[in-house]
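Okay, here's what each chain looks like letter by letter:
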Amino acid sequence: MMPLPSVVDAIGGTPLVELHRVVEALGLEGRLLAKLDYLNPGFSKKDRAARAIIEVARASGELRDGQTVVELTSGNMGTGLAIVCAVLGHPFVAVMSEGNSEERARMMRALGAEVVLVRQAEGARPGEVSGADLALVEEEARRITKDRAAFRADQFARAGNPEAHATGTAPEIWEQSGHAVTAFCDFVGSGGTVGGAARFFAPLGVRCYAVHPDRAEHPIQGGGYGMPDLVHLRGADLAGDVTVTGAEAAEHARMLARREGIFGGYSAGANLAAAIRLLQGPERGGCVAFVVCDSGLKYLSTDLWGQGNAE
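Residues numbered from 1 in each chain as written. Predicted model: local features only at pLDDT ≥ 70, side-chain atom pairs only at ≥ 80, totals over all residues. Heavy atoms only, no water.

All right, on to the sheet that holds strand S4 (residues 92-97) then. Reading across the sheet, the four strands line up as S5-S4-S3-S6 and stay open at both edges, with parallel pairing between neighbours. If you trace the sheet from one side to the other, it starts and ends with strand S5 (114-118) and strand S6 (151-152), each paired once. Looking at chain direction, S4 and S5 are connected through five bridges and run parallel. Each bridged residue has a counterpart across the sheet, and for Met96 the counterpart in S5 is Leu117. Helix H3 (residues 76-88) rests against strand S3 (69-72) and S4 of the sheet, and its axis sits at about 170° to S4. (Pairing = 2+ DSSP bridges. Helix = DSSP H or I, 4+ residues; strand = E, 2+ residues; numbered from the N terminus. Contact = heavy atoms within 4.5 Å. Axes fitted to C-alpha atoms, helices over the stretch in contact; angles between N-to-C directions.)

Written as structure tokens, this is what we have:
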């Protein structure tokens with residue numbers, strides 16, 4: 001292998017791992033495949049969308065050389081944007097709720113980003129970012145974008161987000177699995193991953209499922225905001241929805257670490273829980289793939305890996 005021009009070129013091409021130990025331990029009929037996107041440079045799947053959105057905007061001229069980039073983030077998209085912007089010479093401002101884990105803000109700052117933390121809505125619980133919290137972050141992101149004449153990355157609306165998964169994540173899974181995948185599931189944040197993956201998978205007969213939390217307030221950071229009309233899911237060919245609890249997400253993230261040595265976060269646990277439920281139900285005997293969305297390193301200050309929880 002030759003040296004890459006930059007770390008941006010290291011985004012994507014992550015491994016796909018079969019979870020034999022989980023399948024055997026639970027006596028499941030079928031296969032589970034985990035796409036290790038936590039091995040991207042920013043330790044999350046959001047690196048893909050960050051790269052695509054910035055590259056498209058630069059190519060079109062919408063984003064000028066040296067122009068500031070602003071984005072609302074739970075931390076993962078912000079980390080991806082911080083990396084891409086550092087390499088391409090754009091100042092980056094990440095706007096994030098105080099309800100997200102502190103590791104995320106520290107990592108973005110280390111990568112040169114300016115991080116603006118927004119107070120949670122009245123009555124909100126730390127570590128549980130709701131739709132109301134996200135609305136406050138959105139308001140601040142819009143203000144900063146206007147004041148600084150910045151480019152808004154807008155992961156909830158820009159086509160580069162789902163496109164990164166329609167042309168990257170899903171085709172990689174398909175080829176790495178030897179065309180064996182029969183179903184795919186992913187926890188919904190912006191909807192870019194499952195919406196984009198469905199564009200590639202559905203014509204191949206692979207059924208795609210959206211994973212949601214069981215309530216508005218939950219510890220699964222990066223998604224489940226209860227937004228009723230996600231742009232990236234409009235017209236998406238989805239086979240159904242799977243609902244998981246915060247406790248199930250935590251339990252399965254720990255299972256993934258203990259049994260398979262894969263150190264993912266809450267959303268990875270939610271995806272594993274959903275994939276297992278699919279193998280126990282409508283996808284019994286099939287091959288279910290999911291994404292390990294981000295690294296467990298981003299949650300060391302949370303209850304996920306608190307004393308006694310990872311025993």
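For the rest of this paragraph, the subject is a nonpolar patch on the surface. Judged by side-chain polarity, Val7, Val87 and Leu88 come together as a nonpolar surface patch covering roughly 190 Å² of accessible area. By secondary structure assignment, the location of Val7 is in the segment before strand S1 (16-18). Taking the relative accessible area as the measure of exposure, Val7 reaches 39% and is therefore partly exposed. (Patch = residues over 30% accessible without salt bridge, like charges linked within 9 Å, V, L, I, M, F, W, Y side chains within 5 Å. Areas by Shrake-Rupley, 256 points an atom, 1.4 Å probe, with all protein chains shown as cover. Salt bridge = Lys/Arg side-chain N within 4 Å of Asp/Glu carboxyl O. Buried < 20%, exposed > 50% of the residue type's maximum accessible area, 1.4 Å probe, protein only.)

Here we take up the layout of surface pockets. Its volume calculated, the largest pocket comes out at about 350 Å³. With four residues, the top contributor of residues to the lining of the largest pocket is helix H8 (residues 246-260). Residue classes in the lining of the largest pocket are distributed as six nonpolar, eight polar and seven charged. (1 Å grid on protein atoms, 1.4 Å probe; cavity = no way out; pocket = protein on both sides within 12 Å on 5 of 7 lines; lining within 4 Å. Points joined across faces, edges and corners; volume = space filled by probe spheres on them. Nonpolar A, V, L, I, M, F, W, Y, C, P; charged D, E, K, R; others polar.)

Another aspect to go through is unusual backbone geometry. Of note, the phi angle at Phe43 is positive, near 65°, even though the residue is not glycine. Turning to its location among the elements, Phe43 is positioned in the loop between strand S2 (31-35) and helix H2 (46-60).

Leu19, Leu32, Cys185, Leu272, Val288, Phe290 and Val292 are the most contacted members of the largest nonpolar core, which totals 38 residues. Contributions of two or more residues to this core are made by helix H1 (20-26), S2, strand S7 (183-187), strand S8 (207-213), strand S9 (240-244), H8, helix H9 (266-280) and strand S10 (287-291). Broken down by element, this core gets its largest block of residues, ten residues, from H9. When residues no more than four places from it in sequence are discounted, the contact partners of Leu19 are Leu32, Ala34, Leu256, Glu260, Ile262, Leu272 and Phe290. (Core = buried A, V, L, I, M, F, W, Y, C linked by side-chain atoms within 4.5 Å.)

Turning our eyes to something else, we now look at the pattern of salt bridges. Within the structure shown, the criterion is met by 25 salt bridges. Arg48 is paired through a salt bridge with Asp37; the nearest N and O atoms lie 2.7 Å apart. With Arg48 in helix H2 and Asp37 in the loop between S2 and H2, this residue pair connects regions lying eleven residues apart in the sequence. Exposure class is identical for Arg48 and Asp37. Each is buried. With a shortest N-O distance of 2.8 Å, Asp147 and Arg143 are connected by a salt bridge. Of this pair, Asp147 and Arg143 both sit in helix H5 (residues 131-147), separated by four residues, roughly a single helical turn. Residue classification places Arg143 among the partly exposed residues on the basis of a relative accessible area of 42%.

In this fold, Leu111 is placed in the loop between helix H4 (102-110) and S5. For Leu111, a relative accessible area of 31% puts it in the partly exposed group. Sequence separation between Leu111 and Glu172 is 61 residues; the distance between their C-alpha atoms is 28 Å. Excluding residues within four positions of it along the chain, Leu111 makes contact with Thr79, Ala82, Ile83 and Ala86.

Using the criterion set out here, one finds three cavities of 30 Å³ or more in the structure. Estimated volume of the largest cavity: approximately 160 Å³. Contributing to the lining of the largest cavity are 18 residues, with Lys45, Lys46, Phe187, Gly189 and Gly222 lying nearest its centre. For the lining of the largest cavity, the elements supplying multiple residues, two or more each, are S7 and helix H7 (192-201). Top element by residues in the lining of the largest cavity is H7. It accounts for three residues.

Turning our eyes to something else, we now look at the side chain of Gln120. Locating Gln120 in the fold gives a position in the loop between S5 and H5. A polar atom in the side chain of Gln120 sits 3.2 Å from the backbone oxygen of Arg125. A distance of 3.2 Å separates a polar atom in the side chain of Gln120 from a polar atom in the side chain of Asp133. (Polar contact = N/O pair within 3.5 Å; in protein donor to acceptor, adjacent residues only side chain to side chain.)

Glancing now at H3. Compared with the 18 Å implied by 1.5 Å per residue over 13 residues, the 19 Å span of H3 between its first and last C-alpha is a close match. By the criterion of burial, H3 is predominantly enclosed, with ten of the 13 residues buried. Among the residues of H3, Asn76, Met77, Gly78, Thr79, Gly80, Leu81, Ala82, Ile83, Val84 and Cys85 are the ones counted as buried. At its buried positions, H3 is contacted by H2, S3, S4 and H4. Directly after H3, the chain includes Gly89, whose backbone phi takes a positive value near 85°. (Expected span 1.5 Å × (residues − 1).)

Nothing here speaks to function; it is geometry throughout.
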